[in-house]
Amino acid sequence: MSNKTLSNQNNLQVLFEDNHIIIVNKRAGDIVQGDKTGDTPLSDVVKAYIKNKYNKPGNVYLGTVHRLDRPTSGIVIFAKTSKVLPRLNKLFLSKDIKKTYWAVVKQPPPKPEGTLVHWLKKNQKTNKSYTYNKEVKDSKKAILHYKTIKKLDNYTLLEINLKTGRHHQIRVQLSSIGSPLKGDLKYGFDRSNKDASIHLHARAIAFIHPVKKEQILVSAPLPNDAIWNACL
């Protein structure tokens, strides 16, 4: 195991864990799955945590259920068994998992609360999505509900509930109404954050446990910076 993996493991924040599921609070900058950068993915860090905690010999199974963009922080769910992975996948596909995000924007939306409906089309070469007000070829419908929950000195805190899960959905939809996320250069904010994060946090998640049939409610603490601290 690399020193970087050990370091990340020491910083791992586990929010919920049982025999079937583990939910962690991803730090901005971490990648959920391996990519061309070669950086240690969060999935490997969680595997190492499980291996060490339970003294497991051999390889540890871990199923990736969903992902968060690299500059985004917050809740990520993993399956600890191959049996529960398809059940969790089904919950996501059927929209039976309620996801709540917090987003910090410079320019508040035109209305303090509302529902945004767009058709999004992803450009594979630039890894960027674009909004349309009507359906176009290869586009997917995107719906989110937002409400203003706090006015900061220079920013506005929004709570976002996703009705669909599209590529860069929150980022591009808020940008399209003139409210790009703080630090999100890709979608129109004027400068990046020093740590390359964006002020988007997967704050809470609610679902019925696919095995135990119990209600699971999990909330992720905010990153420790001046803006997020002012949101509390």
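The structure under discussion appears in the preceding block.
Described in the following lines is the structure provided in the data block. (Residues numbered from 1 in each chain as written. Predicted model: local features only at pLDDT ≥ 70, side-chain atom pairs only at ≥ 80, totals over all residues. Heavy atoms only, no water.)

**Points about the nonpolar core**
The nonpolar side chains of a soluble globular protein tend to be buried, and buried together.
No. 1: Counting residues in hydrophobic clusters, the biggest one holds 46 residues, and the most contacted among them are Val46, Ile77, Phe78, Leu88, Ile160, Leu174 and Phe207.
No. 2: Apart from residues no more than four positions distant in its own chain, phenylalanine 207 is found in contact with Ile21, Ile23, Ile77, Leu88, Leu91, Asp96, Ile97, Glu214, Gln215 and Ile216.
No. 3: Listed in part, the 10 residues of the second largest apolar core include Trp102, Leu152, Ile227 and Cys231. (Core = buried A, V, L, I, M, F, W, Y, C linked by side-chain atoms within 4.5 Å. Buried < 20%, exposed > 50% of the residue type's maximum accessible area, 1.4 Å probe, protein only. Contact = heavy atoms within 4.5 Å.)

**Notes on helix H3 (residues 85-93)**
No. 1: Among the residues of H3, those classed as buried are Leu85, Leu88, Leu91 and Phe92. Projected down its long axis, H3 shows its buried positions confined to an angular sector of 120°, all on one face. Exposed residues on H3 whose side chains face more than 90 degrees from its buried face are Lys90 and Leu93.
No. 2: In this structure, the buried side of H3 is in contact with strand E2 (21-26), strand E3 (63-64), strand E4 (73-79), strand E5 (98-105) and strand E10 (200-208).
No. 3: Where H3 terminates, the next one or two residues include lysine 95, which has phi positive at roughly 65°. (Helix = DSSP H or I, 4+ residues; strand = E, 2+ residues; numbered from the N terminus. Arc of directions from axis to C-beta.)

**So, the packing of aromatic side chains**
No. 1: Within the structure shown, the criterion is met by zero aromatic pairs.
No. 2: Lysine 128 extends its terminal NZ or CZ atom over the ring of tyrosine 187, reaching a point 5.6 Å from the ring centre.
No. 3: Across from the ring centre of tryptophan 102, 4.4 Å away, lies the NZ or CZ of arginine 203, which sits over that ring. (Phe/Tyr/Trp six-rings, centres within 6.5 Å; stacked < 30°, edge-to-face > 60°. Lys NZ or Arg CZ within 6 Å of the ring centre and 35° of its normal.)

**Considerations on the environment of asparagine 133**
No. 1: You can see asparagine 133 is positioned in the loop between strand E7 (128-132) and strand E8 (140-151).
No. 2: Given the relative accessible area of 70%, asparagine 133 is considered exposed.
No. 3: Separated by 15 residues in the primary sequence, asparagine 133 and histidine 118 have C-alpha atoms spaced 5.3 Å apart.
No. 4: Dropping the residues within four chain positions of it, asparagine 133 is found in contact with His118 and Trp119.

**Observations concerning the environment of isoleucine 160**
No. 1: Checked against the element boundaries, isoleucine 160 lands in strand E9 (residues 156-162).
No. 2: Expressed as a C-alpha distance, the spacing of isoleucine 160 and tyrosine 54, which sit 106 residues apart in the sequence, is 37 Å.
No. 3: Excluding residues that lie within four positions of it along the chain, isoleucine 160 makes contacts with Lys99, Thr100, Tyr101, Ala103, Leu144, His145, Tyr146, Ile170 and Leu174.

**Re helix H2 (residues 42-53)**
No. 1: Compared with the 16 Å implied by 1.5 Å per residue over 12 residues, the 16 Å span of H2 between its first and last C-alpha is a close match.
No. 2: Looking at H2, one finds that the buried residues are Leu42, Ser43, Val45, Val46, Ala48, Tyr49 and Ile50.
No. 3: After H2 finishes, the residue asparagine 55 shows a positive phi value of roughly 50°. (Expected span 1.5 Å × (residues − 1).)

**Quick notes on the pairing of E10**
In regular strands, side chains alternate between the two faces of the sheet.
No. 1: Counted residue by residue, E10 has seven buried out of nine residues, so it is predominantly covered.
No. 2: In this sheet, E10 lies alongside E4 in parallel orientation, the contact comprising two bridges. Looking across to E10, one finds that glycine 74 is bridged to alanine 202.
No. 3: Across six bridges, E5 lies against E10 in antiparallel orientation. Among the inter-strand pairings, lysine 99 is bridged to a residue of E10, identified as isoleucine 205.
No. 4: Pairing geometry for E10 and strand E11 (residues 215-219), over five bridges, is antiparallel. Bridging from a neighbouring strand, isoleucine 205 pairs with valine 218 of E11.
No. 5: Hairpin remark: E10 followed by E11, antiparallel, with six residues in the connecting loop; positive phi at lysine 213, about 60°. (Pairing = 2+ DSSP bridges.)

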